[in-house]
Amino acid sequence: MRNYLFILFGLFYAVGFAQIERTTPLLLPAGSSLQESSLKAYALDSAFVYHKVDSIITNGIKNNAFPGAQVLVAKEGNIIFHHTYGFHTYDSIQPVALDDIYDLASVTKILGPLPAIMKLVDEGKLDLDEPFSTYWKPWKRHKDKRNITLREILAHQAGLAPYIVFLSKTLKNNGRFKNRFLRNKANRHFSNRAFKDIYVKNRFNRKMYRIINRSEVAADKKYKYSGLSFLIFPELIAQLTGMPYEQYLEEQFYKPLGMKTFGFLPSTKNFSNNIVPTEIDTLYRHTLTQGWVHDENASLLGGISGNAGLFGTAQDLAIIMQMYVQGGLFNGKQYLSKNIVQEFTSVQYPANDNRRGLGFDKPYLKNDQFILANAYPAPEVSATSFGHSGFTGTFVWADPKHQLVYIFLSNRVFPTRENRNIYDLNIRPAIQQIFYSAFDRSKQHDH
C-alpha cells in the first residue's frame, strides 16, 4: 500500500510538472525527504528575494566579509532557494559551486556529538540530570566538577572555561614544533594527521583531557559559552557505544540519511567536489588551510572532534536540519524521538538570562521585540527555532513553527580570521530576514 501511495505521489509530481509550472507547493508525506521546488511555487516575489539577497552578498564581498558564499532555504521540505555567489578566494579564479564542501567549524557541535548524545539519552545510556562525572570518571576527583550535570554543560550553564589554546603546548617560543608532540612524518606513535605534513602524538588527546579535567570552573552558575566539553564528547561517545565516534555517526545518521559528503577529514576521501579554503595560517601550518580543519584544537585531535572538524555541502546540511525540523523523522525513518528533539531545542535556563537549548543555539530571549541590528538571528524567527553558527563563516538555522531551514555558507576567515565584516554588516541574519519578509508579503498579497 505504501509503495502504491509513493508511486501515485510520483505520478502526481510528474504530471504536475508536465502541465504547467506549479504555483502551489507539493505537500510531502509527513517526515519525508527534501525535494527541489521554487520561490514561485509558494507565490513568493522572486524579483524581490533575488535583488535583496544579491545586494547584501555583493556588499559583503565588496567589503571583504568573504570572497564567496552560498544560501539554501527550504520550506516544508521543499528547497525553494539555493544559490552561489562569488569565488573561493579574492583572485576570482574558482567560482563557488552548489556542491562545494565547507569547513563547518562550530556547526559541528550540533551535527556531530549532539545527535549521538540525543540518541544515547533516548536509549537511557545518558541522563541529562545525573552528574557528568557518572560517565566521565576523572571528574569525580575534582570537587568543582563532581556534581555538574550534562544538562548544565550542554546549556553552557556549568561555568566551564570558554576555551583553552592547546596549540601553545605544542609550539616552542620561536614558533617551531615541540618534537615530542608534533612531527612532519608519521610513525606508529604519531599517526594522528592534523594537516598534510603534520602528525600529532597519538596520546596528545589524553594530555588535552587532563588539562580540561583540571581547568577552573566559575563559582557562579550563569551563562558562559564553553567549547571544552565538546573536545571530550567523542571519547565519551566511543566508550558508551563501543565504536569510534566518527563511525557511529556515519552508521547511525549520515549514511542512512543520504548525506553524501558529510564527515571528517574530507581530504582523505577522494570526493570530486571542491573543498572551499579557509585561512592562510601564519602561526602553525604556514600555508593555506584547505580540506583540513581550521580549528587548532580539533586539528590536534587528528581532525576528528566534537567542537569542529565536520565538513559538508549545503545539501547535506539541509538534510540533517530538516530531520530536526521534522522532530527526528526523515524519509519515513525515526532517527531520534520527537520528545528528545523538543527537549534539546528548548530554552533551558531562561530565568538565568540564558537563551541556549541543549547544545543548540536559540534566538535571543524576547528576540521578536528587537530591530534586526540588535536581534539574533532575524527578529522574525520563532521562539521554537534553533541552530548554530561557525567561526569560519557558516550558519544553520531551523524553524519548526514556520517549517523553514536556512543555511548560509562562506569562508569569512580567508585570507585571515581578522576579517570580521560578516558580523559588523550583520549579513547572515539580514539574509534570513528576507525570506520571512517574502512570506509575509505573499500573505498580505493573498488578503
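Refer to the structure presented above.
Treat the numbers as computed from the prediction; the structure is a model and nothing was measured.

Colleague: Got a minute to help me understand the packing of helix α4 (residues 113-122) against helix α7 (residues 229-241) in this structure?
Modeller: When two helices pack together, you describe them by how their axes are tilted relative to each other and by the distance separating the axes. Put simply, α4 and α7 touch, their axes get as near as 10 Å, and they point 40 degrees apart. One way to sum up the angle between α4 and α7 is to call them oblique. Crossing angle aside, the handedness with which α4 passes α7 is left-handed. Where α4 abuts α7, its residues P113, A116, I117 and L120 lie against F230, F233, I237, L240 and T241.

Colleague: What's the story with the packing of helix α6 (residues 204-214) against α7 in this structure? I'm lost.
Modeller: At their nearest, the axes of α6 and α7 sit 10 Å apart, and the two run at 120 degrees to each other. What the angle tells us is that α6 and α7 run oblique. Where α6 crosses over α7, the two elements pack in a sense that is left-handed. Here M208, Y209, I212 and N213 of α6 lie close against α7, whose contacting residues are L231, I232 and E235. A per-class count over the contact of α6 with α7 returns 5 nonpolar, 1 polar and 1 charged.

Colleague: Quick question: what am I supposed to make of the packing of aromatic side chains here?
Modeller: By convention here, two paired aromatic rings are described through the distance between centres and the angle between planes. Applying the stated criterion across every chain, the model contains 24 aromatic pairs. Seen in terms of ring centroids, Y254 and F262 are 4.8 Å apart; in terms of plane orientation they differ by 75 degrees. Their pairing is edge-to-face. Both residues of the pair, Y254 and F262, count as buried. Sitting over the face of the ring of F48, R441 holds its NZ or CZ atom 3.9 Å from the ring centroid.

Colleague: I tried to follow the environment of D127 on my own but got confused; where do I start?
Modeller: Among the secondary structure elements, D127 is positioned in the loop between α4 and α5 (150-154). The partly exposed category is assigned to D127, whose relative accessible area is 34%. On a C-alpha basis, the gap between D127 and Q157 in space is 17 Å, while along the polypeptide they are 30 residues apart. Excluding its chain neighbours within four sequence positions, the residues that come into contact with D127 are Y135 and L150.

Colleague: Where do I start with α4 in this structure?
Modeller: Think of an α-helix as 3.6 residues a turn; residues three or four steps apart then line up on the same face. α4 sits mainly inside the fold: 9 of its 10 residues count as buried. Of the residues making up α4, those classed as buried are P113, L114, P115, A116, I117, M118, K119, L120 and V121. G124 sits one or two positions beyond α4 and adopts a positive phi of about 80 degrees.

Colleague: Explain the nonpolar core to me, please; I cannot follow it from the model alone.
Modeller: Within soluble globular proteins, side chains that are nonpolar generally end up buried alongside one another. Ranked by size, the top nonpolar core spans 92 residues in total, and within it L111, L154, F233 and F344 carry the most contacts. Per element, the largest residue contribution to this core is 9 residues, and it comes from helix α10 (residues 314-325). Residues contacting L111, with those up to four places away along its chain left out, are Y254, F262, L310, L317, I320, M321 and Y324. In terms of nonpolar packing, the next biggest core, distinct from the first, is built from 32 residues, L44, I57, V381 and Y436 among them.

Colleague: Just checking my understanding: could you explain a positive patch on the surface for this structure?
Modeller: On the surface, R180, K201, R203, R206, R210 and R214 cluster together into a patch of positive charge. By the element assignment, R210 lies in helix α6. Since its relative accessible area comes to 41%, R210 is described here as partly exposed.

Colleague: In this structure, what is going on with the environment of H88? I would like to understand it.
Modeller: Relative to the helices and strands, H88 is located in the loop between β3 (78-86) and β4 (102-103). Taking relative accessible area as the criterion, H88 reaches 4% and is therefore assigned buried. Leaving out residues up to four positions away in the same chain, H88 has contacts with P67, Q94, P95, V96, D100, N274, I275, V276, P277, N411 and F414.

Colleague: Could you clarify how one ought to interpret the sheet that holds β3 in this entry?
Modeller: Sheets are built from strands paired through backbone hydrogen bonds, the pairs being either parallel or antiparallel. With mixed pairing, the 6 strands of this open sheet are ordered in space as β1-β3-β2-β15-β14-β13. The sheet is open, and its two borders are formed by β1 (35-36) and β13 (386-390), each paired with just one other strand. Alignment of β13 against strand β14 (residues 394-399), held across 5 bridges, turns out to be antiparallel. From the neighbouring strand, S389 faces β14, where its bridge partner is F395. Docked against the sheet, helix α2 (residues 46-62) engages β2 (68-75), β3 and β15 (404-410), running at close to 35 degrees with respect to β3. Packing against the sheet, α10 makes contact with β1, β2, β3, β13, β14 and β15, and its axis sits at approximately 150 degrees to β15.

Colleague: Whenever I open this one, the environment of F48 confuses me. Can you help?
Modeller: By the secondary structure assignment, F48 is in helix α2. By relative accessible area, which is 14% here, F48 ends up buried. Sequence separation between F48 and R203 is 155 residues; the distance between their C-alpha atoms is 55 Å. Once residues lying within four places of it in the same chain are set aside, the contact partners of F48 are I434, S437, A438 and R441.

Colleague: Any chance you could explain the pattern of salt bridges here in plain terms?
Modeller: When their charged atoms lie close together, side chains carrying opposite charge are able to pair. One pass over the structure, following the stated rule, counts 15 salt bridges. In this structure, K125 and E123 form a salt bridge, with 3.2 Å as the shortest nitrogen-oxygen distance. Salt-bridge contacts for R417 lead to E296; the nearest nitrogen and oxygen are separated by 2.8 Å. Taken together, the residues R417 in the loop between β15 and α12 (421-424) and E296 in helix α9 (residues 296-300) connect sequence positions 121 residues apart. The class for E296 is buried, based on a relative accessible area of 9%. Members of the salt-bridge network, linked through shared partners, are E279, D281, R285, E296 and R417.

Colleague: Whenever I open this one, the pairing of β14 confuses me. Can you help?
Modeller: Residues in a regular strand project their side chains so that they alternate between the two faces of the sheet. For β14, the tally of buried residues reaches 6 of 6 residues, placing the bulk of the element in the interior. Two strands pair when backbone bridges link them, and β14 and β15 are joined in this way by 5 bridges, in the antiparallel orientation. From the neighbouring strand, V396 faces β15, where its bridge partner is I407. The hairpin formed by β14 and β15 contains 4 residues between the paired strands, and Q403 there has a positive phi angle of roughly 55 degrees.

Reading the values: rules and limits
- Residues numbered from 1 in each chain as written.
- Predicted model: local features only at pLDDT ≥ 70, side-chain atom pairs only at ≥ 80, totals over all residues.
- Heavy atoms only, no water.
- Axes fitted to C-alpha atoms, helices over the stretch in contact; angles between N-to-C directions.
- Helix = DSSP H or I, 4+ residues; strand = E, 2+ residues; numbered from the N terminus.
- Parallel < 35°, antiparallel > 145°, perpendicular 65-115°, else oblique.
- Left-handed = near helix turned anticlockwise from the far one by under 90°.
- Contact = heavy atoms within 4.5 Å.
- Nonpolar A, V, L, I, M, F, W, Y, C, P; charged D, E, K, R; others polar.
- Phe/Tyr/Trp six-rings, centres within 6.5 Å; stacked < 30°, edge-to-face > 60°.
- Buried < 20%, exposed > 50% of the residue type's maximum accessible area, 1.4 Å probe, protein only.
- Lys NZ or Arg CZ within 6 Å of the ring centre and 35° of its normal.
- Core = buried A, V, L, I, M, F, W, Y, C linked by side-chain atoms within 4.5 Å.
- Patch = residues over 30% accessible without salt bridge, like charges linked within 9 Å, V, L, I, M, F, W, Y side chains within 5 Å.
- Areas by Shrake-Rupley, 256 points an atom, 1.4 Å probe, with all protein chains shown as cover.
- Salt bridge = Lys/Arg side-chain N within 4 Å of Asp/Glu carboxyl O.
- Lys, Arg positive; Asp, Glu negative; His and termini not counted.
- Charge placed at Lys NZ, Arg CZ, Asp CG, Glu CD.
- Pairing = 2+ DSSP bridges.

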